[in-house]
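Here is how the chains run, residue by residue.
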Amino acid sequence: MADGLGAFCGVLVILIACGVSAITAQACGGTLTNSTGYIESPGYPSRIYSGISCTWEINAPPRNGIAMTILDLDTGSTDELIFHELNWDLLCASGCEWEIYQRSLQSEGLQPNHTHWSAANEFEIQFFTYRYARGRGFQVYYRFVSSETCTDPGTPVNGAFVPDFPFNGVYPAGETVNYTCNEGYHPREGADIILLCQSRPDGTRARWDTYQDPRDLCRADCGGNLTSPIGVITSPGQYPDYFEIPADCTWHIQAPAGFNVLMEF
């Protein structure tokens with residue numbers, strides 16, 4: 001009996017030690033100062049549970065920003081992954097202080113590996129689960145980025161920008177970007193087609209001197225002479241969202257001798 005009891009207690013001690021090790025490996029919150037790292041929900045990628053309340057604070061050196069890429073998000077509809085700008089009242093107006101992500105990136109209308117950029121060198125990520133918690137949780141990769149850089153300004157619909165090869169995902173201060181529109185499209189009236197990445201004296205992240213939504217930059221031409229071997233003709237404006245009125249457009253398509261023109265609708 002004594003030997004049996006001793007063996008049983010030895011097994012019990014081993015199980016407790018393993019349990020402590022697993023919990024420590026999945027820290028719920030803390031202060032992060034390494035230049036790169038991963039933040040994960042407790043137990044990731046195992047199923048999350050109700051009652052999780054974690055806060056991570058990321059502190060980068062001065063004149064640095066933080067790029068946080070959501071590699072995976074799978075939670076219930078009430079669970080909350082919160083990205084919170086510390087000292088937001090000194091950086092921007094009300095409404096920029098936090099962003100809440102729920103369920104999945106697809107349900108949020110976001111592309112895979114969505115990246116959130118901080119405005120300054122301190123940031124906070126919080127994760128809360130409630131009664132109907134479900135899913136794997138989340139995984140975020142973060143890295144420090146010099147504040148002397150601008151984020152990708154975005155590609156126009158029916159257009160492009162040059163250069164289109166950012167250094168490590170960012171553009172250094174002083175870099176310019178030129179927007180161009182595809183054949184059959186033109187920049188909308190009053191749009192800025194040259195952007196300059198400008199550093200800021202207060203140490204916050206550099207910004208483009210003028211910024212506009214690139215999706216609304218290139219407008220379809222109202223008529224013209226077309227000589228390219230292939231192309232697309234659309235109603236003037238921002239097809240398919242809307243067309244400009246009044247419109248009286250004529251397109252002339254000219255093919256080389258011996259060729260016909262095929263048009264598909």
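If you're wondering where the values come from, they're calculated on a predicted model, not measured in any experiment.

Draft legend 1. Geometry of the pairing of strand β5 (residues 80-85). Counting buried residues along β5, 5 of its 6 residues qualify, which places the element largely inside the surrounding structure. When β5 meets strand β6 (residues 98-101), the two strands line up antiparallel, connected through 4 bridges. Within β6, the residue paired with L81 across the bridge is Y101.

Draft legend 2. Inspection of the sheet that holds strand β8 (residues 122-128) at higher detail. Ordered in space as β1-β3-β8-β5-β6, the 5 strands form an open sheet in which the pairing is mixed. Looking at which strands have only one partner, the edges of the open sheet turn out to be β1 (30-32) and β6. Strand after strand, the sheet turns through a mean of 20 degrees between neighbouring axes, direction not considered.

Draft legend 3. Representation of the packing of aromatic side chains within the structure. In this structure the tally under the stated criterion is 7 aromatic pairs. Ring centres 5.8 Å apart and planes at 85 degrees place the aromatic pair W56 and F138 in the edge-to-face group. Separated by 82 residues along the polypeptide, W56 in strand β3 (residues 53-59) and F138 in strand β9 (residues 137-146) bring together distant segments of the chain. You'll find W56 and F138 in the same group, each marked buried.

Parameters and conventions
- The residue numbers shown here count from 1 along each chain, following its written sequence.
- At least 70 in pLDDT is required for a residue's local features to be given in this predicted model, at least 80 for side-chain atom pairs to be given and counted, and no such filter applies to totals for whole chains, interfaces and linings, which use all residues.
- By convention in this description, side-chain values take in all heavy atoms of the structure and omit both hydrogens and water.
- Buried means the residue's accessible area, taken with a 1.4 Å probe over protein chains only, is under 20% of the maximum for its type, while exposed means over 50%, and partly exposed covers the values in between.
- Elements are defined by DSSP. Helices are runs of H or I of four residues or more, strands are runs of E of two residues or more, and each kind is numbered from the N terminus.
- In this analysis, strands are considered paired if DSSP registers two or more bridges between them.
- Note on geometry: axes are lines fitted to C-alpha atoms, helical ones only across the stretch in contact, with angles between N-to-C directions running from 0 to 180 degrees.
- Centre distance within 6.5 Å is the pairing criterion for rings of Phe, Tyr and Trp, where only the six-membered ring of Trp is used; planes under 30 degrees apart are then read as stacked, over 60 as edge-to-face, and the remainder as tilted.

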